Amino acid sequence: MSRVLECADCGGRTFYEKRRCADCGAETFRDRDPGVGTLQAVTAVHVTPDDVSEPNRLGLASFDGDASVIAQCNGTLEAGDVVAIAEGASRDGEDSTMTLVPAAVNDRR
Amino acid sequence: MIPQEFAAGDTDASPVGFGLPGVGMTAFEAADDRSLLALLETAAERALRDAAVDATEIDSVHVGNMAAEAFNDRSGLANALTASLGAGRASARRIENTSASGASAFHDAVDAVRSGGSAVALAVGSEKMSAADTATATEIISRITHEREYQQGVTLPSFAGLAADRYLAEYDADRRDLARVAVKNHANAANNSYAQFRTPITVDDVLESSAVATPLRLYDCCPTSDGAAAIVVTADAAPVTVEACESAVGVHAIADRRDPLHIESAHAAGRAAYEMARIDPEDVDVACIHDAFTILEWLELEELGFAERGTAWTLTRDGRTAIDGDLAVNPGGGLKARGHPLGATGIAQLVELVWQLRGDVPDGRSTGSPEYGLAINVAGFGNNSVCTVVGANA
């Protein structure tokens, strides 16, 4: 899941599945490419559940359309960096999920 | 200066005005060898004795608890408590609202009295977290997150670490200022015999403690705790009355916030509570703020209109939220140092406020002669907030 959900009615975006758009209440979403975003904050978490590696480095990144996501991120990333979303494995290994990575130079154009 | 949007305006709401004749709690500890039910019983009996109310007079029992099934392999708490107390004619129910279960149980008790269904309602909150090790407790609590967050291994400290990183980057506060929140709350807890941590700490102690979710360290974070707290609500007035109890929901996935430093549920619950109580933030003399993490004390003070955005840190730096400041914040030590047995916390905040407004605190913890007290109990990292205003009935 490296796509962002876009409301079919108002165009509002979210990375988090829900029944209705938080902005307009519409029930239909389309998958969109989130493009590149900006890392707003980072944290390295040292107290983690047993099946999560420590430290768990997480970033809060904002993308076009006011959509933000908290996701695991590359250890060299810092707030202010331009990032993209890559596929990653979820903690239980059963679902694909997202990882924040440095945006390739071509992605930033 | 109070943000204009919080200034009291014309409203049809009336202060609630129900009596809070009795409160009680157990000392919060890292591990209490009593059972979860025994903790509930102890707090309940202390509140009933304080109120001079017999268990047979109780019309309804409202138990706040988040995760007895996960921590203690236990359910049916409200029925077990009611039978044990001998409150045979009461109705009973359990309220779960994650870390705001306590305040939500109180909210439910107030609603029971407001409806006319109860003349005497007993709200009791408890959690016994010592049955789980830290990793297991972290896992249980992280289950409140959105599935997408959970897949990333996101925990509650994760949200706080990200918020603190953002706040310190965006505003002029520095890391030592944030540590001063913990220093203040530990100093207050030193004078509270019910607090889990009674040893004062220094800024350097905070900065040298182990990293939990950078930039936050161990002393920026509340502990896991065992404990219970109880409060009696009556239709009749008492020396301390509840003037407002309002709650609001927020986003579920925290990244869905338009502003990562905005806790919309705390803002909405606070605004509704001021309106109901017909007061402004500047009328509040003492506040119990949900400081599960030091950064939350600042964010909630801003949401509640005690400071403009990005300036709450100056209240800490200037001593204005200290025990002798113009707004004493967390005089009992807060979640940070009194402890945070999830389902008990929201009621323990009210216990502290009732004691403060009655003057039932030792000199070192006295906030003078407060007229109004405010508590905010937050579920998760703001999925839901419950804001209560209590007043001294002169």
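The structure presented is a predicted model; accordingly, all values stated were derived computationally and were not measured.

Thresholds, definitions, all that
Within each chain, residue numbers correspond to sequence positions counted from 1 in written order. As a convention, the first chain written is A and the first ligand written is 1, with the rest following in written order. Totals for whole chains, interfaces and linings use every residue, but because this is a predicted model, local features are given only for residues with pLDDT of at least 70 and side-chain atom pairs only at 80 or more, for both listing and counting. Each helix is a run of DSSP H or I of at least 4 residues and each strand a run of E of at least 2, with the numbering of both proceeding from the N terminus. Once C-beta atoms are placed from the backbone, any two residues with those atoms within 7 Å are in contact. Ten residues, namely Ala, Val, Leu, Ile, Met, Phe, Trp, Tyr, Cys and Pro, are considered nonpolar, four, namely Asp, Glu, Lys and Arg, are considered charged, and the remaining ones, Gly among them, are considered polar. Whether a residue is buried, exposed or partly exposed is read from the other C-beta atoms within 10 Å of its own C-beta, which are placed from the backbone; 20 or more gives buried, 12 or fewer gives exposed, and intermediate counts give partly exposed.

**Comments concerning unusual backbone geometry**
- A:Pro55 follows A:Glu54 through a cis peptide bond whose omega is 0°.
- Structurally, A:Pro55 can be placed in the loop between strand E4 (37–45) and strand E5 (56–63).
- Cis peptide bonds are those with omega within 30 degrees of zero, and the linkage from B:Thr214 to B:Pro215 qualifies with 5°.
- Position of B:Pro215 among the secondary structure elements: in the loop between strand E5 (211–213) and strand E6 (216–217).
- With phi around 55°, B:Arg278 is a residue other than glycine that occupies positive phi space.
- Relative to the helices and strands, B:Arg278 is located in the loop between helix H10 (264–277) and strand E9 (286–288).

**Topic: the interface of chain B and chain A**
- Between chain B and chain A, the residue contacts involve 30 residues of the former and 30 residues of the latter.
- Elements supplying a minimum of two residues to the side of chain B that touches chain A: helix H5 (134–142), helix H6 (147–151), helix H7 (156–170) and E5 of chain B.
- Ranked by residues supplied to the side of chain B that touches chain A, first place goes to H7(B) with 7 residues.
- Its residues assigned to classes, the side of chain B that touches chain A comprises 12 nonpolar, 11 polar and 7 charged.

**Looking at helix H11 (residues 294–303) of chain B**
Residue and element names in this part refer to chain B.
- Taken across its 10 residues, H11 has 10 buried, putting it largely inside the fold.
- Among all positions in H11, only Thr-294, Ile-295, Leu-296, Glu-297, Trp-298, Leu-299, Glu-300, Leu-301, Glu-302 and Glu-303 are buried.
- Positive backbone phi, approximately 80°, marks Gly-305, located one or two places after H11.

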